[in-house]
Amino acid sequence: MKPLVELITAWQAFADAHRDADVESFCYDYLSNKNQKDDPDPERDVLLSKLIGKSGSLIKTYLKLALRQIPEMEMEWFYILDTLNDHEEIRKTDVISFRLLLEPTTGIDILNRMLKAGLISERVDPADKRARLIKPTDRGIEIYKKANSLFNQVISLLFTSLNKEQKTMLILALGKLTNEHYEKIIENKTQAIGKIETFIKDSIK
């Protein structure tokens, strides 16, 4: 493959996988993948997972503090409204798969409470009478925007120690990690999780 064609093909693949693709991010991703070596390092993987876990805990703590200012919003509600913000309407079962890999019963319970609070509405899917389509109400959008604006301000405090280049590298790396696994699970949630469970069982034998 000629270099220019290879570059264009790589850009198209990157743009398809990243909604907000830009040239700078593409260059980081392209060069890092081109220079990648197969170098398994379990200890580094464990350390990485611990740091990601701690980062997630910090973010959750910051957001919980922010939600004290918006009592009509819950953490799970925000994440679901964030997902709905990218879709005009979506099936109940799909939003559960897209957001947090919720168990069906837990996800339906959360959505029902959001319906009762007036944050989302639902209707029968014309293409499948057994399914329900949901979307945010005007009230839901209003509260979501309020929470999102506050969250953006609060979260910015967490990343003040990182420069632009470090943030870009983290976005690319974590985006690649999460997109790869989310795609597998969304395509076949039961099968994908089953494979992970089988791997864990085999690892401890």
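Above this text you will find the structure in question.
Residues numbered from 1 in each chain as written. Predicted model: local features only at pLDDT ≥ 70, side-chain atom pairs only at ≥ 80, totals over all residues. Heavy atoms only, no water.

**Brief notes about the packing of helix α3 (residues 42–67) against helix α7 (residues 138–158)**
- Between α3 and α7, whose axes approach to 10 Å, the crossing angle comes to 140°. Accordingly, the angle class assigned to the pair α3 and α7 is oblique. Seen along the crossing, α3 lies across α7 with a hand that is right-handed. From α3, L58, I59, Y62, L63, A66 and L67 reach across to α7, where they touch L150, F151, V154, I155, L157 and L158.
- Within the contact of α3 with α7, the residues separate by chemical class into 12 nonpolar, no polar and no charged. (Axes fitted to C-alpha atoms, helices over the stretch in contact; angles between N-to-C directions. Helix = DSSP H or I, 4+ residues; strand = E, 2+ residues; numbered from the N terminus. Parallel < 35°, antiparallel > 145°, perpendicular 65-115°, else oblique. Left-handed = near helix turned anticlockwise from the far one by under 90°. Contact = heavy atoms within 4.5 Å. Nonpolar A, V, L, I, M, F, W, Y, C, P; charged D, E, K, R; others polar.)

**Quick look at the sheet that holds strand β3 (residues 128–136)**
- In space, the 3 strands of this open sheet follow the order β1-β3-β2, with antiparallel pairing throughout. Only two strands of the sheet have a single neighbouring strand rather than two, namely β1 (90–91) and β2 (120–125).
- Where β2 meets β3, 6 bridges bridge the pair, whose relative direction is antiparallel. Looking across to β3, one finds that I120 is bridged to P136.
- Those strands touched by helix α4 (residues 75–84) are β1, β2 and β3, and its axis lies near 100° from that of β3. (Pairing = 2+ DSSP bridges.)

**Quick look at the nonpolar core**
- Counting residues in each nonpolar core, the largest one holds 25 residues, and the members touching the most others are M73, L81, L84 and M114.
- Contributions of two or more residues to this core are made by α3, α4, α6 (104–116) and α7.
- Every residue in contact with M73, bar those within four places of it in the chain, is listed here: L67, F78, L81, I143, Y144 and A147. (Core = buried A, V, L, I, M, F, W, Y, C linked by side-chain atoms within 4.5 Å. Buried < 20%, exposed > 50% of the residue type's maximum accessible area, 1.4 Å probe, protein only.)

**Some details on the pairing of β3**
- Pairing analysis gives 2 bridges linking β1 to β3, with the strands arranged antiparallel. Among the inter-strand pairings, R91 is bridged to a residue of β3, identified as L133.
- The turn joining β2 and β3, which pair antiparallel and follow one another in sequence, is formed by 2 residues.

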